[in-house]
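Below are the chains, spelled out letter by letter.
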Amino acid sequence: MRELFDEIAGQSETNPMQAAQRAARAVQRKRFYKECAVGEADDGFTVMLDGKPIKTPSGRVVVVPVRSLAATIAAEWNAQSEIIDPLTMPATRFANSVVQGVIDNAAAVTDDVAKYFGSDLLFYRAGHPEALVAREARHWDPILFWAAEALGAHFMLAQGVMHVRQPEQAIAAARGVLPDDPWAIAAMHVITTVTGSALLALALFHRVIDPDQAWAAAHVDEDWNAEKWGVDEEAATRKAAKLIDFNAAAGVLEALHKRT
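Residues numbered from 1 in each chain as written. Predicted model: local features only at pLDDT ≥ 70, side-chain atom pairs only at ≥ 80, totals over all residues. Heavy atoms only, no water.

Participant: Outline the overall build of the chain, supporting the account with residue identities and numerical values.
Facilitator: Helix and strand counts for the chain stand at twelve helices and eight strands. Each of the 260 residues in the chain was classed as buried or not, and the buried ones make up 48%. In the chain, once contacts between residues fewer than 6 apart in sequence are set aside, the share between residues at least 24 apart is 65%. Surface summary for the chain: the accessible area is close to 12,900 Å², and the carbon and sulfur share equals 52%. (Helix = DSSP H or I, 4+ residues; strand = E, 2+ residues; numbered from the N terminus. Buried < 20%, exposed > 50% of the residue type's maximum accessible area, 1.4 Å probe, protein only. Contact = heavy atoms within 4.5 Å. Areas by Shrake-Rupley, 256 points an atom, 1.4 Å probe, with all protein chains shown as cover.)

Written as structure tokens, this is what we have:
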């Protein structure tokens, strides 16, 4: 496991989650193990390659908090053929990122998520056409109403891209319900950076919306443009790659909720 990440693990990054994610994108290697299985540890579950636990580049054993997540990771390893391709292993890359860069730096990751409460995607609305305005409202307003009613976070909306300063009280209220569990905040970080919205990530964490609703809400404008002007193939490729990481992070949140 470690050699999959060694070549680029030393690159520095201002945010520990981003640094660990970068380290997880490594060159391909030949499959060097026969089978992968879930093992038990004192504080969780391990993923075993021929009886040996997978490790991060720094030598840490990857221990995950729930069995179902360990089983997902093990399934990724078992699905590899002659060549191991880390890009087909989003849960593995996520777990490595958390153990390598988040467990000891969860506060920095939380800070990075909280920054989005000052400039969230959901705050900036189209002025026209009316159909797009209505579509944004249909997807985004319920999240903002929930934040106001359930959290006491009353955010300001703006038309266009001109920055609007958000009330400190609203930001503090939303930040106050971010999880302190490193696995949960790491999953929220992925969802936030992929969608451009910490509010969508927060609503997903609190099960106000489901992953399909969050993904659709994050791409209202993009989908509208695709319907009107056709699909941009490069943009579609980027979107598909982001969806893989989004689904992996959403799966982690679901596993943490179930704790099985």
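Participant: I'd love a proper account of the packing of helix α5 (residues 106-114) against helix α8 (residues 182-195), names of residues and values included.
Facilitator: As a packed pair, α5 and α8 sit with axes 9 Å apart at the nearest point and diverge in direction by 35°. Once α5 is placed against α8, the crossing between them reads as left-handed. Touching Ala-106, Val-109, Thr-110, Asp-112 and Val-113 of α5 are Pro-182, Ile-185, Met-188, His-189 and Thr-192, all from α8. Class assignment of the residues belonging to the contact of α5 with α8 gives a composition of six nonpolar, three polar and one charged. (Axes fitted to C-alpha atoms, helices over the stretch in contact; angles between N-to-C directions. Left-handed = near helix turned anticlockwise from the far one by under 90°. Nonpolar A, V, L, I, M, F, W, Y, C, P; charged D, E, K, R; others polar.)

Participant: How would you sum up helix α3 (residues 67-79)? Please name residues and give values.
Facilitator: For α3, built from 13 residues, the straight-helix expectation of 18 Å at 1.5 Å per residue is met to within 8% by its first-to-last C-alpha distance of 18 Å. Among the residues of α3, those classed as buried are Leu-69, Ala-70, Ile-73, Ala-74, Glu-76 and Trp-77. Mapping the buried residues of α3 onto a view down its axis gives an arc of 155°, with all of them on the same face. (Expected span 1.5 Å × (residues − 1). Arc of directions from axis to C-beta.)

Participant: How would you summarise the pattern of salt bridges if you had to cite specific residues and measurements?
Facilitator: This model, assessed by the stated rule, comprises eleven salt bridges. Among the ionic pairs, Lys-115 bridges to Asp-112, the shortest N-O distance being 3.8 Å. One salt bridge connects Glu-227 with Arg-135, and the closest N-O pair in it is separated by 3.0 Å. Separated by 92 residues along the polypeptide, Glu-227 in helix α11 (residues 220-229) and Arg-135 in helix α6 (residues 130-151) bring together distant segments of the chain. (Salt bridge = Lys/Arg side-chain N within 4 Å of Asp/Glu carboxyl O.)

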